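Coordinate inspection notes
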Amino acid sequence: MEGYLLAVGIIGAIYMLLTLGLNLQYGFTGLINFGHVGFFAIGAYTSALLVMQGVPMVFGFAAAMATAALAAWPIGLLSLRLRIEYLAIVTLGFSEAVRLVIINESWLTNGVHGVTGIPTLGQEAAGLGLSPSLFTFILLVAANALAILASRRLVASPFGRVIEAIRDDEDAVRALGKDPGGFKVRVFMIGAALAGLAGAFYAHYIAYLGPDQFLPLLTFYIWVAMVMGGAGKVSGAAIGTAALVVFLEGSRFLRDILPGVSAVEMASVRLGVVGLLLVLLMLYRPGGIMGDYTKR
């Protein structure tokens, strides 16, 4: 039971990093990103492939963030020329393009067979007398704490006030002499860097990567977490992710009360339950769980 809870905690913490990044992009700046999983995949493969070549793991994690941020740079530039709905389509196409590259460039990613034997944090954990899973969870808690602190400081700064103004009325920001373009690109890169960091943690925890792990469904989950918690709230990103994980894992036990449903059908039932809970939440708390309780 402890191992199961620890595994759920690790995946939840990885999702939280993703949600914090998406919340900066959409919640605070109004940039719709339906391709968040693409940056997650870039970070995962970058760190895994580098560390397997003998690069120290800390540099692998740093490279994962940098590569994801660099990949977001041209997408951020596109946001300057595209309307919101077109940007959403472009980012979705970007994530699918990343997945197709993973499938087809087998010389690098081993294609559909996936990358196996990825080093975990076992060696570092052994030096501290901890299990790899517990050590990974501790590092993820620290990474999320730093990400939350950095997000709070960012949105409370003059930079944060500008990006919130861009979300509310970009034309007014431009009329005041500010250039929204530079702010949008930087926010997009910061959010992608957090997704890349989450991908690195995922790669070195699961120790296997394949293209089927980076489907658009993951982006949908992260959007659900952000909306449930309250878009534009740092605390909402954390609470929304926790609620999502509770919903997803709690729905696994639906078979105990729905014995006539097969394992294949249960996947659809679980999504339906999560969707229903989201609809109810939007009806009774349209601002999200933390929407009416906190300013940030």
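Up top is the structure these notes are about.
The shown structure was predicted, so the numbers you read here are calculated from the model rather than taken from an experiment. (Residues numbered from 1 in each chain as written. Predicted model: local features only at pLDDT ≥ 70, side-chain atom pairs only at ≥ 80, totals over all residues. Heavy atoms only, no water.)

**Focus: the overall build of the chain**
If you tally the helices and strands in the chain, you get 13 helices and two strands. At 19 Å, the chain has a C-alpha radius of gyration in line with the 19 Å of a compact globule built from 296 residues. Along the first, second and third principal axes, the C-alpha atoms of the chain reach 55 × 50 × 40 Å. Taking all 296 residues of the chain together, 49% fall into the buried category. Relative to all contacts within the chain whose residues are 6 or more apart in sequence, the contacts with residues 24 or more apart total 77%. For the chain, the accessible surface area stands at approximately 14,000 Å², while carbon and sulfur atoms represent 68% of it. One finds the centroid of the 18 positive side-chain charges in the chain at a distance of 8 Å from the centroid of its 16 negative side-chain charges. (Helix = DSSP H or I, 4+ residues; strand = E, 2+ residues; numbered from the N terminus. Rg over C-alpha atoms; globule rule 2.2 N^0.38 Å. Buried < 20%, exposed > 50% of the residue type's maximum accessible area, 1.4 Å probe, protein only. Contact = heavy atoms within 4.5 Å. Areas by Shrake-Rupley, 256 points an atom, 1.4 Å probe, with all protein chains shown as cover. Lys, Arg positive; Asp, Glu negative; His and termini not counted. Charge placed at Lys NZ, Arg CZ, Asp CG, Glu CD.)

**A short note on the pattern of salt bridges**
In total, this model carries six salt bridges according to the counting rule given. Where Arg99 meets Glu96, a salt bridge forms, and the shortest distance between an N and an O atom there is 3.0 Å. Residue Arg99 and its partner Glu96 are located together in helix α4 (residues 84–104), separated by three residues, close to a single helical turn. Since its relative accessible area comes to 25%, Glu96 is described here as partly exposed. (Salt bridge = Lys/Arg side-chain N within 4 Å of Asp/Glu carboxyl O.)

**Concerning the packing of aromatic side chains**
All chains considered together, the criterion is met by eleven aromatic pairs. Ring centres of Phe34 and Trp223 lie 5.3 Å apart, and the angle between their planes is 70°; on these two criteria the pair is classed as edge-to-face. Here Trp223 lies in helix α11 (residues 216–229) and Phe34 lies in the loop between α1 (2–27) and α2 (36–52), a separation of 189 residues in the sequence. Given a relative accessible area of 13%, Trp223 falls into the buried group. For the ring pair Phe40 and Tyr202, a centre distance of 5.3 Å and an interplane angle of 55° mean the geometry is tilted. Placement of the pair is Phe40 in helix α2 and Tyr202 in helix α10 (residues 180–206), with a sequence separation of 162 residues. For the pair Phe40 and Tyr202, a shared accessibility class is recorded, and that class is buried. Its guanidinium or amino end placed over the ring of Phe183, Arg186 lies 4.9 Å from that ring's centre, counting from NZ or CZ. (Phe/Tyr/Trp six-rings, centres within 6.5 Å; stacked < 30°, edge-to-face > 60°. Lys NZ or Arg CZ within 6 Å of the ring centre and 35° of its normal.)

**What about the packing of α1 against α11?**
Geometry of a packed helix pair, given as the angle between the helix axes and the separation of the axes. Interhelical geometry of α1 versus α11 gives an angle of 70° and a closest axis separation of 9 Å. It follows that α1 is roughly perpendicular to α11 by the angle criterion. Within the contact between the two elements, α1 uses Tyr15, Leu18, Thr19, Leu22, Asn23, Tyr26 and Gly27 and α11 uses Leu218, Tyr221, Ile222, Trp223, Ala225 and Met226. Classifying every residue of the contact of α1 with α11 gives ten nonpolar, three polar and no charged. (Axes fitted to C-alpha atoms, helices over the stretch in contact; angles between N-to-C directions. Parallel < 35°, antiparallel > 145°, perpendicular 65-115°, else oblique. Nonpolar A, V, L, I, M, F, W, Y, C, P; charged D, E, K, R; others polar.)

**Here we look at unusual backbone geometry**
Positive phi outside glycine occurs at Asn110, with the angle close to 65°. With respect to the helices and strands, the residue Asn110 is situated in the loop between α5 (106–109) and β1 (115–116).

**Remarks on a nonpolar patch on the surface**
Side chains of Leu276, Leu277, Val279, Leu280, Leu283 and Tyr284 sit close together on the surface and give an oily, nonpolar patch of about 620 Å² of accessible area. Of note, Val279 is situated in helix α13 (residues 263–284). (Patch = residues over 30% accessible without salt bridge, like charges linked within 9 Å, V, L, I, M, F, W, Y side chains within 5 Å.)

**Concerning the side chain of Gln25**
Within the secondary structure, Gln25 is located in helix α1. For Gln25, a relative accessible area of 0% puts it in the buried group. Here Asn33 takes part through its side chain, which lies 2.9 Å from a polar atom of the side chain of Gln25. (Polar contact = N/O pair within 3.5 Å; in protein donor to acceptor, adjacent residues only side chain to side chain.)

**A look at the nonpolar core**
Tyr15, Phe39, Phe40, Leu209 and Phe214 are the most contacted members of the largest nonpolar core, which totals 82 residues. Take this core: its biggest share by element is twelve residues, from α10. Ignoring anything within four residues of it in the chain, the contact list for Phe40 reads Ile14, Leu18, Ala195, Ala198, Gly199, Tyr202, Phe214 and Leu218. (Core = buried A, V, L, I, M, F, W, Y, C linked by side-chain atoms within 4.5 Å.)

**Some words on helix α8 (residues 158–168)**
Residues of α8 that are buried include every one of Phe159, Gly160, Val162, Ile163, Glu164 and Ile166, and no others. In this fold, the buried residues of α8 make contact with α7 (132–156), α9 (170–175) and α10.

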